[in-house]
Every structure is written in structure tokens, then in C-alpha cells.
Amino acid sequence: MTSAIRFSGVSRHYGDVKAVDTLDLDIAEGEFFAMLGPSGSGKTTSLRLIAGFERPTAGEIRIFGQIAQGIPPYKRNVNTVFQDYALFPHLNVRDNVAYGLMIAGQPKAQRHKAADGALEMVALGGYGDRKPSELSGGQRQRVALARALVNQPKALLLDEPLGALDLKLREQMQEELKSLQRSLGITFIFVTHDQGEALSMADRVAVFNKGRIVQIGAPEDIYYRPETPFVADFVGSSNVLPPEFVAKLTGKHAYGALRPESVFLAEQGHSAMVRSVSFLGAATRVSMQMDKIPLTILLPKGAVIPKAGDAVTVAWSADDLHVMDRT
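Note that the structure is a prediction, hence the values are computed from the model and not measured. (Residues numbered from 1 in each chain as written. Predicted model: local features only at pLDDT ≥ 70, side-chain atom pairs only at ≥ 80, totals over all residues. Heavy atoms only, no water.)

### Some details on the overall build of the chain
Counting its secondary structure elements, the chain contains 10 helices and 17 strands. Counting only C-alpha atoms, the chain reaches 75 × 45 × 35 Å along its principal axes. A buried classification covers 47% of the 327 residues belonging to the chain. Sequence-distant contacts, at least 24 apart, represent 65% of the contacts inside the chain between residues at least 6 apart. Accessible surface, the chain: about 16200 Å² in total, of which carbon and sulfur atoms supply 49%. For the chain, the distance from the average site of its 36 positive side-chain charges to the average site of its 35 negative ones is 5 Å. (Helix = DSSP H or I, 4+ residues; strand = E, 2+ residues; numbered from the N terminus. Buried < 20%, exposed > 50% of the residue type's maximum accessible area, 1.4 Å probe, protein only. Contact = heavy atoms within 4.5 Å. Areas by Shrake-Rupley, 256 points an atom, 1.4 Å probe, with all protein chains shown as cover. Lys, Arg positive; Asp, Glu negative; His and termini not counted. Charge placed at Lys NZ, Arg CZ, Asp CG, Glu CD.)

### Considering the domain arrangement of the chain
The domain boundaries assigned to the chain delineate domain 1 (3–230) and domain 2 (236–323). Here the C-alpha centroids of domain 1 and domain 2 sit 37 Å apart. With six residues of domain 1 in contact, the opposing surface of domain 2 contributes seven residues. For the domain 1 and domain 2 pair, buried surface summed over both sides reaches about 590 Å², with 60% attributable to carbon and sulfur atoms. Summed over the shared surface of domain 1 and domain 2, the number is zero salt bridges. If you look at where domain 1 meets domain 2, you find three residue pairs in polar contact (both at pLDDT 80 or more). Along the lines of polarity and charge, the residues of the side of domain 1 that touches domain 2 split into four nonpolar, one polar and one charged. (Domains from an automatic or database assignment. Buried area = accessible area lost by both parts, 1.4 Å probe. Salt bridge = Lys/Arg side-chain N within 4 Å of Asp/Glu carboxyl O. Polar contact = N/O pair within 3.5 Å; in protein donor to acceptor, adjacent residues only side chain to side chain. Nonpolar A, V, L, I, M, F, W, Y, C, P; charged D, E, K, R; others polar.)

### Structural notes on the environment of Leu 321
Take Leu 321: it is sitting in strand β17 (residues 321–323). By relative accessible area, Leu 321 is classed as buried at 11%. Sequence spacing of Leu 321 and Val 246 is 75 residues, and the spatial spacing of their C-alpha atoms is 8.9 Å. Sequence-distant contacts of Leu 321, that is, excluding residues within four places in its chain, are made with Leu 241, Leu 249, Thr 250, Gly 256, Ala 257, Leu 258 and Trp 316.

### Section: helix α4 (residues 108–121)
In a regular helix each residue adds 1.5 Å, so 14 residues correspond to 20 Å; α4 covers 20 Å between its end C-alpha atoms and thus fits that length. Among the residues of α4, Arg 111, His 112, Ala 115, Ala 118 and Leu 119 are the ones counted as buried. The buried residues of α4 occupy one face: seen down the axis, they fall within an arc of 120°. Of the exposed residues in α4, the ones pointing more than 90 degrees away from its buried face are Ala 109, Lys 113 and Glu 120. In this structure, the buried side of α4 is in contact with α2 (93–97), α3 (99–103) and α5 (137–149). (Expected span 1.5 Å × (residues − 1). Arc of directions from axis to C-beta.)

### What to know about the packing of α5 against helix α6 (residues 167–184)
Between α5 and α6, whose axes approach to 11 Å, the crossing angle comes to 20°. Taken together, the axis directions place α5 and α6 in an arrangement best described as roughly parallel. The hand of the α5/α6 crossing is right-handed. Residues Gly 137, Gly 138, Gln 141, Arg 142, Leu 145 and Leu 149 of α5 touch α6, and the partners they reach there are Leu 169, Gln 172, Met 173, Glu 176, Leu 177, Leu 180 and Leu 184. Partitioned by chemical class, the residues of the contact of α5 with α6 number seven nonpolar, four polar and two charged. (Axes fitted to C-alpha atoms, helices over the stretch in contact; angles between N-to-C directions. Parallel < 35°, antiparallel > 145°, perpendicular 65-115°, else oblique. Left-handed = near helix turned anticlockwise from the far one by under 90°.)

### Examining the nonpolar core
Residues Val 97, Leu 145, Leu 156, Leu 158, Leu 177, Val 205 and Val 207 are the most contacted members of the largest nonpolar core, which totals 43 residues. Considering each element in turn, this core owes the most residues, six residues, to α5. Other than its neighbours up to four places away in sequence, Val 205 contacts Ala 34, Leu 36, Ala 198, Gln 215, Ile 216, Gly 217, Pro 219 and Ile 222. Counting 25 residues, the second-largest nonpolar core is a separate cluster that includes Leu 23, Phe 33, Val 78 and Val 191. (Core = buried A, V, L, I, M, F, W, Y, C linked by side-chain atoms within 4.5 Å.)

### Remarks on the pattern of salt bridges
Per the stated rule, a full pass over the model turns up 13 salt bridges. Linking Glu 54 and Arg 48 is a salt bridge whose minimum nitrogen-to-oxygen distance equals 3.4 Å. Take Glu 54: its relative accessible area is 16%, and that puts it in the buried class. According to the relative accessible area criterion, Arg 48 is partly exposed, its value standing at 31%. Linking Glu 197 and Arg 170 is a salt bridge whose minimum nitrogen-to-oxygen distance equals 3.7 Å. Remark: Arg 170 occurs in helix α6 and Glu 197 occurs in helix α7 (residues 195–201); sequence separation between them is 27 residues. On the basis of relative accessibility, which here comes to 4%, the residue Glu 197 falls in the buried class.

### What about the sheet that holds strand β10 (residues 212–217)?
As summarised here, the arrangement of the six strands in space is β6-β7-β8-β3-β9-β10, forming an open sheet in which the pairing is mixed. Both outer strands of the open sheet, β6 (78–81) and β10, are each paired with one neighbouring strand and no more. Averaged over all adjacent pairs, the angle separating strand axes in this sheet is 20°, with direction ignored. Note: strand β3 (residues 32–36) against strand β8 (residues 187–192), five bridges, orientation parallel. By the bridge assignment for β8, Phe 33 is matched with Ile 189. (Pairing = 2+ DSSP bridges.)

As C-alpha cells, this is what we get:
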């Protein structure tokens, strides 16, 4: 595996605040890699360290084998797409895309040809003469992508780029970003706090918390085999079962993770009391209390739906209870 980005013992401190704390990370060339975590977990600071907008307090960063220390952002073979697009309102779309090439001193005809090619790449061919104000949110996001890609970077850094879009457009852009990355074959590093985005697009996901990576792996591993209660709760909101309860079922005194969709109503099993019921469209979420343990289940369309206050019995397959090794 050829490394695109490598962190070795990297930290970034702001006084007593450890925004990034002794981070080791290896991102492969051509990989779609997601950094997932809540606000303040260190994911955006890590991205800014790659871009060169921040300097590490300690440790070493290598970008395609080259030590990044001392190399300014504009000389790193990466480009960044921000959430707010940062387009110039007085320039048309073509000149927005070509701005970096203009700064680099490329002739007008040459940079406009490159900009038009980048716009074709993001399905905005023919939009070059429009102003950003004449575009939808999704189109402006594509312009920002084209501007980042026109310099032909070896890695594209995306800092929550879909956060300002509505749900339907966000889902559409997720598919388009994944397709674009596959066609280009370059490294995408995607920062998000949205679990669905990370799981649906990335080849691998790093889950951040308090400046550290608490788990890294394929989306399926992160979702079905969380290593800590934090990952289980943050990624897809698994039911985290306490060690005392898990020990009764498995003999192992450790936390357990149980997916809401893995639990079902049954005639035999564990007694529970329904607290609330929420219709979600394709499924219904039922929150309940089981042996003093909060439990959430997802019932599919067509299932019998209990009401708040009902006493029910729940069960699950033994294979669906994941016992975690770490606390």
C-alpha cells in the first residue's frame, strides 16, 4: 500500500487544549477516507494539518512521502473544498474555477480551457458565464469542487462540504462524489460528523473523539463491530448494554452493542416497557426500558407496532450481540 498521507505521533495543542493528541494515521493513495466524529473531536484540525493551514506541535506528517514541515499550503499537492464554498461573487463560474491558475500565472486561454474541462467533470459544462448567485446550492458546491480539481491535486480534502445542503441534495451529492473519486482515482479525505455520509462513501472510516482516533476500519466493521461504547453509540446509535447484563448472557463481563434493527418483538425473551413510538417512514422507532436499561428498536413496515405504556417482550439473535473488548 502506497501512502498518500502519514501521521507519525502528530499532536496539535492550543495551550492546555489537545485538539489532536499523538495521532498515528496512514491513508492509502487512491483511497476514499472519512474522518468522522463530533464537534471538537480533532477531525477538522487533522485536515487543516494536512492542508498546511495548521502546524503540528509535535510529530511528523508526510504527504506522498515528502515531509510536510516547512512546505506552505500552496506548494502541497492537495486542495481543499470548504463547507461554505468560498466563491467570489463578482467573478463568473469559469473565472472562479480558474482563479488558482490565474494566481499561478497561466495564460487566460489556457486556464479557461482547463476550467471548462473541470466544469465538464462535475456536470456543469456550459455554466462558465454564470455568476454564483445564479446557481443552486448543489451547483455552487460543484463549482467549488471544480476549482479544487482544476490544479490536478493528488489528494482532495473535503471539510464537511455537504453540510449546507438539504437532505435530498446531500444524498445526491454523496453518490456523485463517490463516483467522481472512482473515476479520478485520486485520494479523497472527507471530514464529517454525519455517520451516514461516512459509511455510505468511504473505503475506510476513522472515528475521532477527544483528539484521538478511537477506531479505524471499513464501514461495515465500524457499524457492526464497534470497539468501544462511544463508537457504538455515535455510529448508528447502537444500544450499549452494560457489562453486568452482558455477563448474564455471554459469560463475558464487557459492554455489548446491539443494533436497533436486530431487536424484534417476540413471545419469549426479555420483558420491556414501551416509552415512546416514532414513525420514520420505512421503519418505526420504539424506545423502551428493559431491565432498567434504555433500549431502542426499529420495526420494519408491516410489523405490529406497540403503543407507549405497553408491556412487550423483545429478543434478538445471539450473533447480533457484539461484545466489545474496550471501554
